Structure formats: structure tokens, C-alpha cells
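Reading the structure
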Amino acid sequence: MANSKYEYVKSFELEDEVMFPNLIVVRIDGRDFARFSQVHEFEKPNDEAALNLMNSCSAAVLEEYPDIIFAYGFSDEYSFVLKKTSRFYQRRASKILSLVASFFAAAYVTKWKEFFPHRKLEYAPSFTSKVVTCATPEVLQVYLAWRQQDCHAKNQYETCFWMLVKSGKTISETQEVLKDTQKQQKNELLFQKFGINYKTLPELFRQGSCLFKTKVEETVKHDENGNPVKRLRRKAVLVHSENIAARSFWNEQPSLYNDIGHFTKDIGRSEPDFVRSFEFENKLLPLTWVVVRIDGCHFHRFSDVHEFEKPNDEKALKLMNTCAVAVLEEFEDIQFAYGVSDEYSFVLKKESELYKRQSSKIVSAIASLFTSTYVIKWGEFFPQKVLKYPPSFDGRAVCYPTYKILLDYLAWRQVDCHINNQYNTCFWVLVKSGKTKTQSQDYLKGTQAREKNELLSNQFGIEYNSLPLIFRMGSSVFRLKEPAAVENGVVSGKKLKLEGEVVVDHCNIIERCFWEEHPHILSYS
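Every chain is numbered on its own, with residues counted from 1 as its sequence reads. Owing to the predicted nature of the model, reporting of local features is limited to residues with pLDDT of at least 70; listing and counting of side-chain atom pairs is limited to 80 or more, with chain, interface and lining totals taken over all residues. Calculation of side-chain values draws on the structure's entire complement of heavy atoms; hydrogens and water are dropped beforehand.

**Some details on the side chain of Ser 303**
Threshold: By definition, any uninterrupted DSSP run of H or I lasting at least four residues is a helix, any uninterrupted run of E lasting at least two residues is a strand, and each is numbered from the N terminus. Exposure classes here rest on a 1.4 Å probe applied to the protein chains alone. A residue is buried below 20% of its type maximum, exposed above 50%, and partly exposed in between. The definition of a polar contact used here is a pair of N or O atoms within 3.5 Å, where within protein one atom must be able to donate a hydrogen and the other to accept one, and adjacent residues in sequence count solely through side-chain atom pairs. Residue contacts are defined here by distance: any two heavy atoms, one from each residue, within 4.5 Å place the two residues in contact.
Mapped onto the secondary structure, Ser 303 falls in helix H11 (residues 299-305). Residue classification places Ser 303 among the buried positions, given a relative accessible area of 8%. Among the polar contacts made by the side chain of Ser 303, one reaches the main-chain carbonyl oxygen of His 300 at a distance of 2.9 Å. Apart from the residues within four sequence positions on either side, Ser 303 is in contact with Phe 308 and Lys 310.

**Things to note about empty space enclosed by the protein**
We apply this condition: The way it works is a 1 Å grid over only the protein atoms, where trapped points that fit a 1.4 Å probe form a cavity and open points with protein on both sides within 12 Å along at least five of seven lines form a pocket, and then any residue with an atom within 4 Å of a point lines it. Grid points are joined across faces, edges and corners, and a volume is the space filled by probe spheres set on the points. Following the grouping adopted for this structure description, the nonpolar residues are Ala, Val, Leu, Ile, Met, Phe, Trp, Tyr, Cys and Pro, the charged ones are Asp, Glu, Lys and Arg, and the polar ones are all others, Gly among them.
Under the defined criterion, the tally for this structure stands at three cavities of 30 Å³ or more. Taken as a whole, the second largest cavity holds about 50 Å³ of empty space. As for the second largest cavity, its lining consists of Leu 51, Met 54, Asn 55, Gly 73, Phe 74, Ser 75, Glu 77, Tyr 78, Leu 204 and Ser 209. Among the elements that take part in the lining of the second largest cavity, helix H2 (residues 48-64) stands out by supplying three residues, more than any other. Broken down by class, the residue content of the lining of the second largest cavity amounts to five nonpolar, four polar and one charged.

**Side note on the packing of helix H3 (residues 93-115) against helix H13 (residues 359-381)**
A pair of packed helices can be characterised by two numbers: the angle between their axes and the separation between those axes. For the record, the criterion: Comment: axis = line fitted to C-alpha atoms, over the contacting stretch for helices; angle = value between 0 and 180 degrees taken between N-to-C directions. When describing relative orientation, an angle under 35 degrees is termed roughly parallel and one over 145 degrees roughly antiparallel, while 65 to 115 degrees is termed roughly perpendicular and anything else oblique. For any helix crossing, the convention is left-handed if the near helix is rotated counterclockwise from the far helix by under a right angle, and right-handed if that rotation is clockwise.
Packing of H3 against H13 leaves a shortest axis separation of 8 Å and a crossing angle of 30°. Relative to H13, H3 is oriented roughly parallel. Handedness of the crossing formed by H3 with H13: right-handed. Residue-level inspection shows Leu 97, Ser 98, Ala 101, Ser 102, Ala 105, Ala 106, Val 109 and Thr 110 of H3 in contact with H13, the latter providing Ser 360, Val 363, Ser 364, Ala 367, Ser 368, Thr 371, Ser 372, Val 375 and Ile 376. Of the residues in the contact of H3 with H13, the class split is nine nonpolar, eight polar and no charged.

**Points about helix H12 (residues 314-330)**
Owing to its 3.6 residues per turn, the α-helix brings residues three or four apart onto one side. Worth spelling out the cut-off: Helices are assigned an expected span. That span is 1.5 Å times one less than the residue count.
With 17 residues, H12 extends 24 Å from end C-alpha to end C-alpha; this agrees with the ideal 24 Å at 1.5 Å per step. Buried residues of H12: Ala 316, Leu 317, Leu 319, Met 320, Asn 321, Cys 323, Ala 324, Val 325, Val 327 and Leu 328, and no others. Its side-chain oxygen placed 3.1 Å from the backbone nitrogen of Lys 315, Asp 313 serves as the N-cap of H12.

**Looking at the pairing of strand E4 (residues 127-134)**
Just so we agree on the cut-off: DSSP-based pairing: two strands are paired if at least 2 bridges between them are found.
Of all eight residues that make up E4, eight are buried, and the element is covered over most of its length. A two-sided burial pattern is seen for E4, the buried positions comprising Phe 127, Ser 129, Val 131 and Thr 133 on one face and Thr 128, Lys 130, Val 132 and Cys 134 on the other. Across eight bridges, the pairing between strand E1 (residues 23-30) and E4 is antiparallel. Bridging from a neighbouring strand, Leu 23 pairs with Cys 134 of E4.

In short, the description is geometric, and any link to function would need to be established separately.
Encoded structure:
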């Protein structure tokens, strides 16, 4: 990380480590999936293809992250349990929950056509997530029992509700019929009025789905005689169980009781309020500037696999900008964003009450929407390149108490952009000229900005200050106060953008003159 006078802003970052011996559960929920399912015409009360898509995404999460041992889900939610010894992301809650939500969203978009080959994905899905800390396996057992009870209760209600609606009743009439009805009454309604025995409905609908890792034998290659060479590897398997919190179910799976713990006895009905008390929630301070910063996970590898141009791939940067624009268009409380390379910082207005200032929901919603948009928009920027695997982003939220400190944070990010871009420009021209990466690193060690500029100019005929602004300045995203001329979404071109529209600019945000010229962006007082 480059050093600058603005680095003091890092002192405002707070750690949110989940301490041992707590078990970590990450629960994700579809964001406004009632609307999403309506727009995409999901079958009511259950769309089997949609549920199988959720299961497939969850299996992908288990395959991607070795520390996630177990998952349970129904409808538009999934809970992921990490092994008890996990040190994944140093057990930092915000990083873990945002990464899982981000990867899940990317997988959802990537796999959409597999489950809905004839249906267009109309807009990017997103998910909110939270961490639940379970002090003991017994708390986890209560949590899982609660989620499966919720699955049953909601599915039974939804089944009755939609059968009544399909029979001709209005939504209001249906709600009135079902008001205060008990489990037995709903079962009788389904059987007597529609001939449906609730217990014979598919397990997928009634019980939800669980995945856990178990050892399976797989063929990894063939020997010289053509005989298969097999190895044991851990793979996610999908099952449906009437009671996932039962001691008999849990303790029959070695991977579960070894990596998470035993259930010593069976339990009855769980109390939601008891489980909610274990939610790991960081509520952001009121009347502070909240910045959500997301960073690409292992983007060095991602850029290598997808053969991004070095030191800067303009198409990749513009794809990032498009995702940032989508985030601002979705969340009115986000007033400004700044991005460089594989990172983006989003500034929420000081008075924002988005998600009641719950850090987990804000960070995961932004990270997952950004990621799903990235996957959807990939083909627009790389029409000749296949997206070989879905990207993911982790995030965190930080509160800055004053306007000055907020601007110093943004200045820090732009200073970092300049220093890193100048170094990378020198590094890659040296590599392309024939030096090894080690030689290039040694050559640049200890050099100052002026020396790097002279190297570029004298040896390669490159004037650093004439390089594209998007590389040197990064990208600022904000709403227009007044109509402005814009070209390709960037201020100063030809196309007229209207007041309130989101635009991208490549400008100096370190100097205060930018903010003085655009006081509406942050609306400070």
C-alpha cells in the first residue's frame, strides 16, 4: 500500500473478528425477491427450477470455500456454517458475509440459463447477508431447527394462499380466510378443498435443502493401461431431511460432527428471539459519513486468467465503472463513488437510514449487486472473451465523523491510485522490454516519482502525464446537479445527460476545488 499523509484515515477502521470458540453462520437472503420472482414469473407457491438454482449456487459456494462445511436453504435464503476451527479471512465478519453474498450472486447469474434456458434475466439479483455466532453446537442446533420450522410454516401458508388465489379468491379475501389459522386447519383446507395431502408434496418444498461435504471416490485420471485412478475428495452432496437438527441426522455424518460438533440431544420447537440474540451486528454510528469499500477477491489471478491488458485494461475499468453506476442508480442514499483498479468506495449520505444503518446488510447488498452486474455486463465489454469463472468482492463499512476526514479518505484512495499506477506502468514496460519480473522490481526499488517519469520518458518515450485520465485519476461516479454534456458516460463530451442522472468523471478529487464546484454531491453543511 502506498504511503501518504492521508493514511491516518485507516485508524477509523474497526475490526469485527468473531472470536473462538464461536461457530460462524452466514445467512443470505434474496433482496426484494418478491418483486424478482414476480418479474421473472416464478411458479407459485414454489418454482422448482428457482429452488434448484439456489441449491446449485450453494453447492458452488461449498466447492469454492473449503471452510464452509454445511448449508441449509429454502425459498430465497441460505445459511452457511463454517467449520469450528476456521480462520477464514481472520474470522472478520464483514469480509466473510460480503464475500459469500457476492460469490452467491455471481453464481446465480452465471447459472441462470442452465435452469431457465428460455427466460431472460431481466435485472441483476442481489442478496443481503448477516453473521450469526453460535457459542456452542447446541445453539447451532436451535438455529437450524428455527430455520426449518420457518420453512415449513411459510411453505404451508404459501401453498394454501396460492391455491385459494388460483381458485378465484382475491388476495384480501385469501388473507382473511387464513388469518389466525393453525397448522391442522391449513392441512384440512388443502385436503378438503383441493384434494392435496400436504405431507405428500415434494420434500424440496416442505423440508428445504441441505448440503454438506462428504468424501466421495472420483476418477482423477487414467493410467497407462487405461485403468481409472481414483482418489477420495470432499464434495458437496444435496439431501432433504425431515429434521436437520435431529441428533440422528447430524451425528450420522462424520464430516459434520468432526468439523462442527455433536448434537447431544434432540430438541423441541425453538424460540426465534433466543437465536436472534446471537446475531453479530454492527450498527453504524448515526450522523457519520459511511463509506463502503469493496475489493476484488484474488483479482490478480482473475485478470491473468482473463488476459487483461497490463498495466491497465480500459475495458475492465469501464466494466467496473458500469457496475458502480448501477449501484448508485439502485441506492439513492449513495451520493458518490470512487474506483480504481479492482476496488470501489461508495459514500452514503450522512443522514442515511438505509437498512437502519445495519452494516452487514448495507455491505452485502452493495457487494452482491456490484458482482451480479459485473457478470451480466461482462459480454458488453468483452464480447470475444468467455467469463471462465465468476468474480467475487469482499467489503467493509467505515464511519468517518467529519466532512474533512471523508475528503481525506477519498484523497488517500486517489493518491494510492497515482502511486500504484505509476509504478505498474513502469513495471510492465520494463517486463515487456525483456526484463524479468524480479529484475523489474529490483530496478524500480527505491525510485521516486520524478525518476519513474524520467524512466518512462527517456527509455520508452512515454509522457506519464499524457496517459489517459482513467488510469491516472481513477473514476468518480456521482449524480448531476444540472444537465451536462457527456460522451460515453463521461462528463465533457457530446451526449446531454439530465439532472439527477449518474455519470462517470476522471478528475482530481484531492484538490478542494472539485468539491467547491460540486457542493451538491455530498450536500455538506
